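One letter stands for each residue in the lines below.
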Amino acid sequence: MPSPNYILLPVNSAFIAVSLMLAFFLNFLPWGGLVGVPDFVALVLVFWSIHQPRKVGIGVAFFMGILMDIHSAIHLGENALAYTLLSYFAITIHRRVLWFKVFSQAMHVFPLFLLVQIVQILVRMAVASDAFFPGWLHFLESVVTTMLWPIATWLLLAPQRRAIDKDHTRPI
């Protein structure tokens, strides 16, 4: 993680799009019914909503949620609602979160990941008559996603970092 005085280059919009597509494809992997598999789309959405709230906002979150709903073949709008709320609350706290170091940031985004799971469960239980509470172990997904926050931060900020030692032949 860069020091607080470290200046980052502007983010490339194509890199944001590629990272969101990669997260979407990571959610495609055949994890089966494994407990604790992270939601990569939620992780990347929170990251970009905090670091680039003007480029990745509620509209992008809604679109990614609709794509996840189509992919999962579940109730249309379940992930869209959850990701929209996730992005809204991430944008709400983005200025405060950026003041902390990466491990403290993880503790701030943990309730957001938990919120996504709670909203998804509530929608399933409200819509389907045969839906049941999956158990407390189901929320392990939020914990695993939170533990991936430092890795995601390091990976997604990597293209924006400047060279540590100044090269006088480069204009930037």
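Fair warning: this is a prediction, and the values are worked out from it, not measured in the lab.

Focus on the overall build of the protein
Right, so step 1: For the protein, the count of helices and strands is seven helices and zero strands.
Right, so step 2: The order of helices and strands in the protein, counted from the N terminus, is α-α-α-α-α-α-α.
Right, so step 3: Here the C-alpha atoms of the protein give a radius of gyration of 17 Å, agreeing with the 16 Å that 2.2 N^0.38 yields for 172 residues.
Right, so step 4: Across its three principal directions, the C-alpha atoms of the protein cover 65 × 30 × 30 Å.

Here's the deal with the packing of aromatic side chains
Right, so step 1: For the structure on display, the rule yields ten aromatic pairs.
Right, so step 2: With a centroid separation of 5.8 Å and 40° between ring planes, the pair formed by W136 and F139 is classed as tilted.
Right, so step 3: A network of ring pairs unites the aromatic residues F15, F47, W48 and W149 as a single cluster.

Some remarks on the pattern of salt bridges
Right, so step 1: Per the stated rule, a full pass over the model turns up one salt bridge.
Right, so step 2: Between E78 and R124 there is a salt bridge, with its nearest N and O atoms 2.9 Å apart. Of this pair, E78 sits in helix 4 (residues 78-97) while R124 sits in helix 5 (residues 102-127); the two residues are 46 residues apart in sequence, bridging distant segments of the chain.

Some thoughts on a nonpolar patch on the surface
Right, so step 1: On the surface, V35, L137, L140, V143 and M147 cluster together to form a nonpolar patch covering roughly 440 Å² of accessible area.
Right, so step 2: Looking at where V143 falls in the secondary structure, it is placed in helix 6 (residues 140-147).
Right, so step 3: Taking the relative accessible area as the measure of exposure, V143 reaches 33% and is therefore partly exposed.

Focus on the confidence of the model for the protein
Right, so step 1: A residue-level look at the protein finds 90% of positions with pLDDT of 70 or above and a mean pLDDT of 88.
Right, so step 2: Confidence scores differ between elements of the protein, with helix 5 showing the lowest mean pLDDT of 92 and helix 2 (residues 40-51) the highest of 96.

Here's the deal with the environment of G36
Right, so step 1: Topologically, G36 is positioned in the loop between helix 1 (13-26) and helix 2.
Right, so step 2: Note: C-alpha distance between G36 and N12 (24 residues apart in sequence) is 31 Å.
Right, so step 3: Not counting residues up to four positions away in its chain, the partners in contact with G36 are L140, E141 and V144.

A few points about helix 7 (residues 149-157)
Right, so step 1: Looking at helix 7, one finds that the buried residues are W149, P150, A152, T153, L156 and L157. Down the axis of helix 7, the smallest arc covering the buried residues is 165°, so these residues share one side.
Right, so step 2: Of the surrounding elements, those touching the buried residues of helix 7 are helix 1, helix 2, helix 5 and helix 6.

Observations concerning the nonpolar core
Right, so step 1: One finds V41, L45, V46, W48, Y83, L86 and W149 to be the most contacted residues of the largest nonpolar core, which totals 37 residues.
Right, so step 2: At the level of secondary structure, the elements contributing two or more residues to this core comprise helix 1, helix 2, helix 3 (58-72), helix 4, helix 5 and helix 7.
Right, so step 3: The dominant element in this core, judged by the number of residues it contributes, is helix 2, at ten residues.
Right, so step 4: In this view, W149 contacts L43, V46, F47, I50, V102, Q105, A106, V109 and F113; residues no more than four positions away in its chain are not counted.

What counts, and where the lines are drawn
- Residues numbered from 1 in each chain as written.
- Predicted model: local features only at pLDDT ≥ 70, side-chain atom pairs only at ≥ 80, totals over all residues.
- Heavy atoms only, no water.
- Helix = DSSP H or I, 4+ residues; strand = E, 2+ residues; numbered from the N terminus.
- Rg over C-alpha atoms; globule rule 2.2 N^0.38 Å.
- Phe/Tyr/Trp six-rings, centres within 6.5 Å; stacked < 30°, edge-to-face > 60°.
- Salt bridge = Lys/Arg side-chain N within 4 Å of Asp/Glu carboxyl O.
- Patch = residues over 30% accessible without salt bridge, like charges linked within 9 Å, V, L, I, M, F, W, Y side chains within 5 Å.
- Areas by Shrake-Rupley, 256 points an atom, 1.4 Å probe, with all protein chains shown as cover.
- Buried < 20%, exposed > 50% of the residue type's maximum accessible area, 1.4 Å probe, protein only.
- pLDDT = per-residue confidence, 0-100.
- Contact = heavy atoms within 4.5 Å.
- Arc of directions from axis to C-beta.
- Core = buried A, V, L, I, M, F, W, Y, C linked by side-chain atoms within 4.5 Å.

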